[in-house]
Structure formats: C-alpha cells, structure tokens
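# Residue-level structure breakdown
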Amino acid sequence: MLSAEMTRGEVEAALTAATVAAPADFTGKRFVRPRPLRAHLSGAIFRAARLNKTKLAGARLDRAVLDQAWLLEADLTGASLKGANLFASQMARARLDGADLSGSARCADLTGASLVGASVADREFGAPTSQTNRWA
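Here the structure is a predicted model, which is why all the values come from computation and not from measurement.

What counts as what
- Residues numbered from 1 in each chain as written.
- Predicted model: local features only at pLDDT ≥ 70, side-chain atom pairs only at ≥ 80, totals over all residues.
- Heavy atoms only, no water.
- Helix = DSSP H or I, 4+ residues; strand = E, 2+ residues; numbered from the N terminus.
- Buried < 20%, exposed > 50% of the residue type's maximum accessible area, 1.4 Å probe, protein only.
- Contact = heavy atoms within 4.5 Å.
- Areas by Shrake-Rupley, 256 points an atom, 1.4 Å probe, with all protein chains shown as cover.
- Polar contact = N/O pair within 3.5 Å; in protein donor to acceptor, adjacent residues only side chain to side chain.

## Let's talk about the overall build of the chain
Scanning the chain from N- to C-terminus turns up 1 helix and 6 strands. The order of helices and strands in the chain, counted from the N terminus, is β-α-β-β-β-β-β. In the chain, which comprises 136 residues, the proportion classed as buried is 38%. Sequence-distant contacts in the chain: of pairs separated by 6 or more residues, those separated by 24 or more amount to 7%. When the accessible area of the chain is evaluated, it comes to approximately 7,700 Å², of which 53% is carbon and sulfur surface.

This is the structure we're talking about:
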C-alpha cells in the first residue's frame, strides 16, 4: 500500500485545525522532499509516516506519536521530542545532534544516527570520555 503524499500547505492546514483533543493526524502519510518544517508539531500523530530526509531541525515534536515512522537520514538537529513515542521508528543515519529526547519512549533503530549532545532524561549522549570509555 502506498502512502499519500502531503504538501506543505496540507500540513499547515492540518496543524491549524488541530486541537489537544483532536491532534493533527498524519498516519501513513508520505512527506516528499519538504522544505524545512520547524512548526509546532507537539502531539501530532505520525504513525507509520514516511519522513525520510525530512528537515525537522529545531522542530517541536513533544508528545508526538512517531511509532513505526520512517525517518531515515532525517535532520532532527536541536529538535524537541520530549515525551514522544518512537516505538519501532526507523531513524537510521538521522541527525539528532542536540535533540531533547527526555521522557520519550525509545525503541527506535538508530543505526548510524548522530546523537552528539542529545539529551535523554537526566543523561546526555556525547563523545566517549577518555578516562572511562563510556558515553558521557
């Protein structure tokens, strides 16, 4: 089954119409080479959405549902994903440098992803320390 494509205008209209009780729902949608999307996407539903190579740097995705979403090579630099659901998300080679993933449910495939300075709860990802060879 092919997922429907979303234009930037359709995304903005869905976000404008969204409420706390009825969040924007992009389940199964495919985003094709979108321009940078820095919108307030908190609480939005992206279940099984295709966001490969999407530029979401600095976006607010707090409490967003990204279960089974595809974010291959997506740019989430400095994005806020506090409390987001990332169950079975495909985030291989994604850029999450400086992203805030605190409180998020993480079972994502982060193979080859960059997490320099990303924070998860009270712990931050960073370069291995020379003294302990553990992640700081």
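## Some words on the environment of Asn52
Among the secondary structure elements, Asn52 is positioned in the loop between β2 (30-31) and β3 (85-90). Exposure remark for Asn52: the relative accessible area of 29% places this residue in the partly exposed category. Placed 38 residues apart in sequence, Asn52 and Gln90 show a C-alpha to C-alpha distance of 9.2 Å. In this structure, Asn52 is in contact with Trp70, Leu71 and Leu72, ignoring residues within four places of it in sequence. There is a polar contact of 2.9 Å between the side chain of Asn52 and the backbone nitrogen of Leu72.

Take it as geometry only, folks, not as evidence of what the structure does.
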